[in-house]
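# Structural overview
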Amino acid sequence: MGMKSMIDELLRENVLGSEIITWDHLRGGTSSAVAKIQCEDGKTYVVKGNEANLIYWEATFLRFYKDSALLPRLVYDAKDYLVYTFMKGIH
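So, here is what we can say about the structure in this document.

Cut-offs and rules
- Residues numbered from 1 in each chain as written.
- Predicted model: local features only at pLDDT ≥ 70, side-chain atom pairs only at ≥ 80, totals over all residues.
- Heavy atoms only, no water.
- Buried < 20%, exposed > 50% of the residue type's maximum accessible area, 1.4 Å probe, protein only.
- Helix = DSSP H or I, 4+ residues; strand = E, 2+ residues; numbered from the N terminus.
- Arc of directions from axis to C-beta.
- Contact = heavy atoms within 4.5 Å.
- Pairing = 2+ DSSP bridges.
- Axes fitted to C-alpha atoms, helices over the stretch in contact; angles between N-to-C directions.
- Core = buried A, V, L, I, M, F, W, Y, C linked by side-chain atoms within 4.5 Å.
- Phe/Tyr/Trp six-rings, centres within 6.5 Å; stacked < 30°, edge-to-face > 60°.
- Lys NZ or Arg CZ within 6 Å of the ring centre and 35° of its normal.

## Here's the deal with helix H1 (residues 3-12)
- Residues of H1 that are buried include every one of Met3, Met6, Ile7, Glu9 and Leu10, and no others. All buried residues of H1 lie within an arc of 155 degrees about the axis, which places them on one face of the element. Pointing more than 90 degrees away from the buried face of H1 are the exposed residues Lys4 and Arg12.
- Of the surrounding elements, those touching the buried residues of H1 are strand S1 (20-26), strand S2 (33-39), strand S3 (44-49), strand S4 (74-77) and strand S5 (81-85).
- Phi for Asn14, located one or two positions after H1, is positive at around 50 degrees.

Pasting the structure below:
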């Protein structure tokens, strides 16, 4: 599934509870498609698409460590993509 289709599905299903005002592709891993989403409510998310098996295990990892302040919070996961909170890094 392409990034545009993922974002269209998030809007259609009202997953984020707010309209998406902008999104930009990010450099992801070797096989993943990654985008940063900015919503009207000021919240920022990451959408990451990949093979279903990889998404399953990444979502499982984020759920297991959901209380860690060092990892993003999983917001939504589908068969071949997931959404998590954006965490600004340090350059």
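Picking up where we left off.
## Considerations on the sheet that holds S3
- Within the open sheet, the 5 strands sit side by side as S1-S2-S3-S5-S4. Their pairing is antiparallel. The open sheet has two free edges, formed respectively by S1 and S4, since each of these has just one partner strand. Here the strands of the sheet are splayed against their neighbours by 20 degrees on average, with no regard to which way each runs.
- Sheet topology note: the S4/S5 ladder contains 3 bridges and is antiparallel. By the bridge assignment, Leu74 is partnered in S5 with Tyr84.
- Sheet strands touched by H1: S1, S2, S3, S4 and S5. Its angle to S1, the strand with the most contacts, is close to 150 degrees.
- With respect to the sheet, helix H2 (residues 52-64) is in contact with S3, S4 and S5, its orientation differing from that of S5 by roughly 25 degrees.

## Notes on the nonpolar core
- Formed by 14 residues in total, the largest nonpolar core has its most connected members in Leu16, Ile37, Val47, Tyr81 and Val83.
- Listing elements by their share of this core, those giving two or more residues are H1, S2, S3 and S5.
- The greatest single-element share of this core, amounting to 4 residues, is contributed by H1.
- Those residues within four positions of Tyr81 in sequence are excluded, and the remaining contacts are Met1, Met6, Glu9, Leu10, Val47, Lys48, Gly49, Ile55 and Tyr76.
- By size, the runner-up hydrophobic cluster in this structure holds 8 residues, among which are Val46, Leu62, Leu82 and Tyr84.

## A word on the packing of aromatic side chains
- All told, the structure shown has 4 aromatic pairs when counted by the stated rule.
- Relative to Trp57, the ring of Tyr56 has its centre 4.8 Å away and its plane inclined at 80 degrees; by these criteria the two rings are edge-to-face.
- What makes Tyr56 partly exposed here is its relative accessible area of 48%.
- On the basis of an interplanar angle of 55 degrees and a centroid distance of 5.0 Å, the ring pair of Phe61 and Tyr65 is categorised as tilted.
- One aromatic cluster is present, built from ring pairs that chain together Phe61, Phe64 and Tyr65.
- The side chain of Lys36 reaches across the aromatic face of Phe86, ending 4.5 Å from its centre.

None of this, on its own, says anything about what the molecule does.
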